[in-house]
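# Notes for the structure review
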Amino acid sequence: MNSKYQYVREFETVDKALPNTWLVVRIDGRGFHRFSQEHDFAKPNDRPAIELMNRCAVEVMKDIKDIIIAYGQSDEYSFVFPKSCNLYSRRASKIASTIASLFAANYAMRWHEYFPTVKLKYPACFDSRVVCYPSDQNMRDYLSWRQVDCHINNLYNTTFWAIVHSGKTETAAEEELRGTFSKDKHEILFTNHNINYNTIEEIYKKGSVIIRQKTKVTTISPNTGQPVERIKLVPTPLYVDIIGQEFWDEHPELLTK
Ligand code: DGT
Ligand code: MG
Ligand code: MG
Ligand code: MG
Ligand code: MG
């Protein structure tokens, strides 16, 4: 029905993402510095918090089938859509807002599964943006950028909290780490705190990569009542390097979509 008010539609600005480019949606927790303190997250890494983030990302991928790979670390997750994607006619604000709200709703809904004894004090909120990357290399460099960020922060945080847990103040730990390079932090960890960084779990060092893995699933046939085995593509978190060539050689389908 056309009313005299219809014209206001014309005020909606076009925000279509450039065609034929990779789309990356990155969501990031709002004020998670405070959120992690209020909910007593372990330092430097809280395992249930990471697993809840991963669960939310898996649920987003189950719902939004266009996403081919996702990468998460800290309070952020990046979702990658192929160049051919035409979700919401590539309208950036529709895509960004849908992903963020789906993620946040899952975060609240599934919180108690991961924190059965911690009351959620207030809802977690996530910002969201869409970035277009024209070439495969640009998209891979984007993911490498996030994974390098994960590595740098994790090495710093692991060393920082090892120093603090050994009895020094946070100011002293900061002081000790000022101007240090990666190899110095490895050395401090090993010599002073008896921690070999290489033995720290991959989920913390690499972050989480979610791809659709061929998985055997058993369902009960509605016709026969008998179990049937099928191969399904299931979004599955992996804790692997995505910077080197090996990962992309192992999953050639990611770049040919
Ligand atoms: P923003 O994103 O500008 O609204 O502000 P924040 O506070 O979310 O800052 P951001 O996103 O740069 O940093 C993420 C914060 O979340 C950072 O303070 C560390 C915290 N965080 C993330 N994962 C963990 C965790 O596993 N354990 C602890 N203790 N803190 C975490
Ligand atoms: Mg920030
Ligand atoms: Mg944040
Ligand atoms: Mg962040
Ligand atoms: Mg509607």
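Criteria and cut-off values
Residues numbered from 1 in each chain as written. Chains lettered and ligands numbered in written order. Predicted model: local features only at pLDDT ≥ 70, side-chain atom pairs only at ≥ 80, totals over all residues. Heavy atoms only, no water. Pairing = 2+ DSSP bridges. Helix = DSSP H or I, 4+ residues; strand = E, 2+ residues; numbered from the N terminus. Axes fitted to C-alpha atoms, helices over the stretch in contact; angles between N-to-C directions. UniProt positions renumbered as here; feature names shortened; annotations may be inferred. Contact = heavy atoms within 4.5 Å. Expected span 1.5 Å × (residues − 1). Near = heavy atom within 4 Å. Polar contact = N/O pair within 3.5 Å; in protein donor to acceptor, adjacent residues only side chain to side chain. Areas by Shrake-Rupley, 256 points an atom, 1.4 Å probe, with all protein chains shown as cover.

Pairing in this open sheet of 6 strands is antiparallel, and the strands run β4-β1-β3-β2-β5-β6 from one edge to the other. Edge positions in the sheet fall to β4 (126–133) and β6 (227–238), since each of these pairs with one other strand and no more. Each strand of the sheet is rotated relative to its neighbour by a mean of 25 degrees, with strand direction disregarded. The pairing of strand β2 (residues 69–73) with strand β5 (residues 208–220) spans 4 bridges and is classified as antiparallel. Across the sheet, the residue bridging to Ile 69 is Ile 211, located in β5.

Below, the discussion takes up the UniProt feature "binding site: GTP" (unreviewed entry) in the chain. As recorded in UniProt, the sites labelled "binding site: GTP" (unreviewed entry) are Asp 28, Gly 29, Arg 30, Gly 31, Phe 32, His 33, Ser 74 and Asp 75. A maximum C-alpha distance of 12.1 Å places the annotated residues, which cover 48 residues in sequence, within one compact spot. Within the element layout of this structure, Phe 32 appears in helix α1 (residues 32–38). When near neighbours in sequence (up to four residues on either side) are disregarded, Phe 32 contacts Asp 75, Tyr 107, Ala 124, Cys 125 and Phe 126. Tracing the chain through its elements places Ser 74 in the loop between β2 and β3 (76–81).

To continue, consider helix α4 (residues 136–165). The first and last C-alpha atoms of α4 sit 43 Å apart over 30 residues, in line with the 44 Å expected at 1.5 Å per residue. Where α4 terminates, the next one or two residues include Gly 167, which has phi positive at roughly 115 degrees.

For the rest of this paragraph, the subject is the UniProt feature "domain: tRNAHis guanylyltransferase catalytic" (unreviewed entry) in the chain. Under the feature "domain: tRNAHis guanylyltransferase catalytic" (unreviewed entry), the UniProt entry names residues 5–134. With 36% helix and 21% strand, residues 5–134 has its two end C-alpha atoms placed 39 Å apart.

Taken together, 15 residues are adjacent to ligand 1, and Asp 28, Gly 31, Phe 32, His 33 and Asp 46 come closest. Between ligand 1 and the protein, one listed contact pairs an oxygen atom with a backbone N or O atom of Gly 31 at 2.7 Å. The contact in question runs from an oxygen atom of ligand 1 to an N or O atom on the backbone of His 33, over 2.8 Å. Within the complex, the protein chains bury 63% of what would otherwise be the 630 Å² of accessible surface of ligand 1. Counting only elements with at least two residues in the shell around ligand 1, the list comes to β1 (22–29) and α1. Tallying contributions element by element places α1 first for the shell around ligand 1, with 3 residues.

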